[in-house]
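Geometric and topological summary
Spelled out, the chains give:
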Amino acid sequence: MSSKILIIGACGQIGSELTFKLRELYGDTNVIASDISYNNLDIVNSGLFEIIDAMDYKSIQVCVEKHNIDTIYLMAAMLSATGEKYPMKAWDLNMTSLFHVLDLAKAKFIKKVFWPSSIAVFGPSTPKDNTPQYTTMEPTTVYGITKQVGERWCEYYHQKYDVDVRSIRYPGIISWKTLPGGGTTDYAVEIYHEALKNKKYDCFLSEKTALPMLFMDDAIKATVDIMQAKASDIKIRSSYNLSGISFTPEDITASIKKHIPEFEITYSPDFRQQIADSWPSSIADSHARKDWNWKHSFDLEAITKEMLSQLKSKN
Ligand code: NAD
């Protein structure tokens, strides 16, 4: 029997592309997109869409019952940079929405949950290079705290209540369809837009700041793969480290210059530098590779080529 899916936060950077992919895989009528507002008309007009506030348990439950939903992808959250401006709002949204979805699974309204964690679970005391799955985790952003606590609750609901929840620690995600929503790795998307529009970019991180990144197609593939894996293959019920590539603003600039030689970058690090400095430079993801055969496809050169050509034809 095919799955009936609800995506919460479907208008965002990842939710929007996930919605299109899941519709392609499971059929338009089996995938219900939802968000708190109509802020992405491509999604709103492309199939079944509901307005749902992830803070409102009842409205999620009503939608689950109305559409016979068995699987929820919870993509609504407040991200790292915005979270530092509104710490209590980030805490409220990120935790309350997760509890609502886990509780719906505990009460057997749904069977399966996907909830993304982040490299923000790590902090300054974590080993920076090839950060292992199991290591010191002392996040210093409110966003990172919500993700770390969220991971603990996911594992707890799995162990105590047999909830089938699956999770990935996404690195920074690079994409061209929908703009990112207030994270510390957003520069790696903005830089392509500005390179094409103005041939210059003022970067909010310093030139040597290395961060783990992933192209959207790889992120969506990982999400689909972990959700399609056999339950018994998912050995980690907190969240899996996931790695694609790692690069600095200097590296991405060199890669863009191969296509746009006159492109120029300047650096004006702001409060996001401190957040980036607290995160890993690269991630070790052997568990994801072993347990459910994770493998990335896009390196930096492939990402640059794809970003520039897709953005050029979009504008
Ligand atoms: P985004 O900010 O682009 O999108 C979030 C969506 O949630 C938006 O469409 C927003 O309208 C919606 N939303 C906000 N409050 C809501 C509410 N109360 N009810 C319903 N919807 C609400 O975020 P994203 O980049 O797509 O991230 C999706 C998930 O992936 C988040 O959990 C985020 O923490 C995680 N993640 C993202 C990245 C990244 O680089 N984008 C990296 C690591 C983890």
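Below is a summary of the structure that appears in this document. (Residues numbered from 1 in each chain as written. Predicted model: local features only at pLDDT ≥ 70, side-chain atom pairs only at ≥ 80, totals over all residues. Heavy atoms only, no water.)

As for the overall build of the protein
For the protein, the count of helices and strands is 12 helices and 14 strands. In terms of C-alpha radius of gyration, the protein reaches 19 Å, essentially the compact-globule figure of 20 Å for 315 residues. Judged by the C-alpha coordinates and their principal axes, the protein covers about 55 × 45 × 35 Å. Sorting the 315 residues of the protein into buried and exposed places 55% on the buried side. Sequence-distant contacts in the protein: of pairs separated by 6 or more residues, those separated by 24 or more amount to 78%. Accessible area for the protein stands at about 13,400 Å²; split by element, carbon and sulfur atoms hold 52% of it. (Helix = DSSP H or I, 4+ residues; strand = E, 2+ residues; numbered from the N terminus. Rg over C-alpha atoms; globule rule 2.2 N^0.38 Å. Buried < 20%, exposed > 50% of the residue type's maximum accessible area, 1.4 Å probe, protein only. Contact = heavy atoms within 4.5 Å. Areas by Shrake-Rupley, 256 points an atom, 1.4 Å probe, with all protein chains shown as cover.)

Section: the site of the ligand
The environment of the ligand is formed by 28 residues, the closest being Q13, I14, D35, A54 and Y143. Between the ligand and A54, the relevant distance is 2.7 Å, taken from a nitrogen atom to a main-chain nitrogen or oxygen of the residue. Y143 has a polar side-chain atom sitting 2.5 Å from an oxygen atom of the ligand. When the free accessible area of the ligand is taken as 830 Å², the share hidden by the protein chains comes to 90%. One can see that the ligand is located within the largest pocket. Contributions of two or more residues to the shell around the ligand are made by α1 (13-26), β6 (117-118), α6 (142-161) and β9 (172-174). The greatest single-element share of the shell around the ligand, amounting to 3 residues, is contributed by α1. (Near = heavy atom within 4 Å. Polar contact = N/O pair within 3.5 Å; in protein donor to acceptor, adjacent residues only side chain to side chain. 1 Å grid on protein atoms, 1.4 Å probe; cavity = no way out; pocket = protein on both sides within 12 Å on 5 of 7 lines; lining within 4 Å. Sits in = over half its atoms within 2 Å of the grid points.)

Points about a nonpolar patch on the surface
The grouping of Y38, L41 and I51 at the surface amounts to a nonpolar patch, some 330 Å² of accessible area in total. On the secondary structure map, I51 appears in strand β3 (residues 49-51). For I51, a relative accessible area of 38% gives the class partly exposed. (Patch = residues over 30% accessible without salt bridge, like charges linked within 9 Å, V, L, I, M, F, W, Y side chains within 5 Å. Salt bridge = Lys/Arg side-chain N within 4 Å of Asp/Glu carboxyl O.)

Things to note about the nonpolar core
Within the largest apolar cluster, 37 residues are counted, with the highest numbers of intra-cluster contacts made by I174, Y187, Y192, F247, I252 and M307. For this core, the secondary structure elements donating two or more residues are α7 (187-197), β10 (200-203), β11 (211-215), β13 (245-247), α9 (249-257), α10 (271-277) and α12 (300-314). In terms of residue count, α7 provides more of this core than any other element does, 6 residues in total. Here this core gathers at least three residues from each of two domains, domain 1 (5-170 + 216-228 + 237-241) and domain 2 (173-213 + 244-314). Not counting the four nearest positions on each side in its chain, Y192 is found in contact with I174, I252, I256, L300, I303, T304, M307, L308 and L311. (Core = buried A, V, L, I, M, F, W, Y, C linked by side-chain atoms within 4.5 Å. Domains from an automatic or database assignment.)

Some remarks on the packing of α7 against α12
In the contact formed by α7 and α12, the axes pass within 10 Å of each other and the chain directions differ by 50 degrees. Taken together, the axis directions place α7 and α12 in an arrangement best described as oblique. In terms of crossing hand, the pair formed by α7 and α12 is right-handed. Contact residues: α7 offers V189, Y192, H193 and L196, while α12 offers L300, I303, T304, M307, L308, L311 and K312. Of the residues assigned to the contact of α7 with α12, the class counts are 8 nonpolar, 2 polar and 1 charged. (Axes fitted to C-alpha atoms, helices over the stretch in contact; angles between N-to-C directions. Parallel < 35°, antiparallel > 145°, perpendicular 65-115°, else oblique. Left-handed = near helix turned anticlockwise from the far one by under 90°. Nonpolar A, V, L, I, M, F, W, Y, C, P; charged D, E, K, R; others polar.)

Considerations on α9
Where α9 is concerned, the buried positions are P249, I252, T253, S255 and I256. Along the long axis of α9, the arc covered by the buried residues comes to 165 degrees, so they all point the same way. Buried residues along α9 sit in contact with α7, β10, β13, β14 (264-267) and α12. (Arc of directions from axis to C-beta.)

What to know about unusual backbone geometry
Here the phi dihedral of N68 falls at roughly 60 degrees; this positive angle occurs in a residue that is not glycine. As for its placement among the helices and strands, N68 is situated in the loop between α3 (57-67) and β4 (71-74). Despite not being glycine, D162 shows a phi value in the positive range, around 60 degrees. Summarising the element assignment, D162 is placed in the loop between α6 and β7 (164-166). On the basis of relative accessible area, D162 is assigned to the exposed category, the value being 59%.

Considering the sheet that holds β6
Across the sheet, which stays open at both edges, the 3 strands sit in the order β6-β8-β12 with parallel pairing between neighbours. Strands with a single pairing partner mark the edges of an open sheet, and in this sheet they are β6 and β12 (240-241). (Pairing = 2+ DSSP bridges.)

Digging into α12
In a regular helix each residue adds 1.5 Å, so 15 residues correspond to 21 Å; α12 covers 21 Å between its end C-alpha atoms and thus fits that length. On its buried face, α12 sits against β9, α7, β11, β13 and α9. (Expected span 1.5 Å × (residues − 1).)

A word on the packing of aromatic side chains
This model, assessed by the stated rule, comprises 12 aromatic pairs. Consider the rings of W153 and Y157, whose centres lie 6.2 Å apart with planes at 65 degrees: the pair is edge-to-face. Within this pair, W153 and its partner Y157 are both found in helix α6, separated by 4 residues, close to a single helical turn. Take W153: its relative accessible area is 32%, and that puts it in the partly exposed class. Overall, the relative accessible area of 6% leaves Y157 in the buried class. Summarising the aromatic geometry, the rings of Y156 and Y161 are spaced 6.1 Å apart at their centres and angled 75 degrees between planes, so their arrangement reads as edge-to-face. An aromatic cluster of at least three residues, connected via ring pairs, comprises F99, W153, Y156, Y157 and Y161. Geometry around Y86 places K89 over its ring, the cationic atom sitting 4.9 Å from the centre. A cation over an aromatic ring shows up here: K106 above the ring of Y161, its NZ or CZ 4.2 Å from the ring centre. (Phe/Tyr/Trp six-rings, centres within 6.5 Å; stacked < 30°, edge-to-face > 60°. Lys NZ or Arg CZ within 6 Å of the ring centre and 35° of its normal.)

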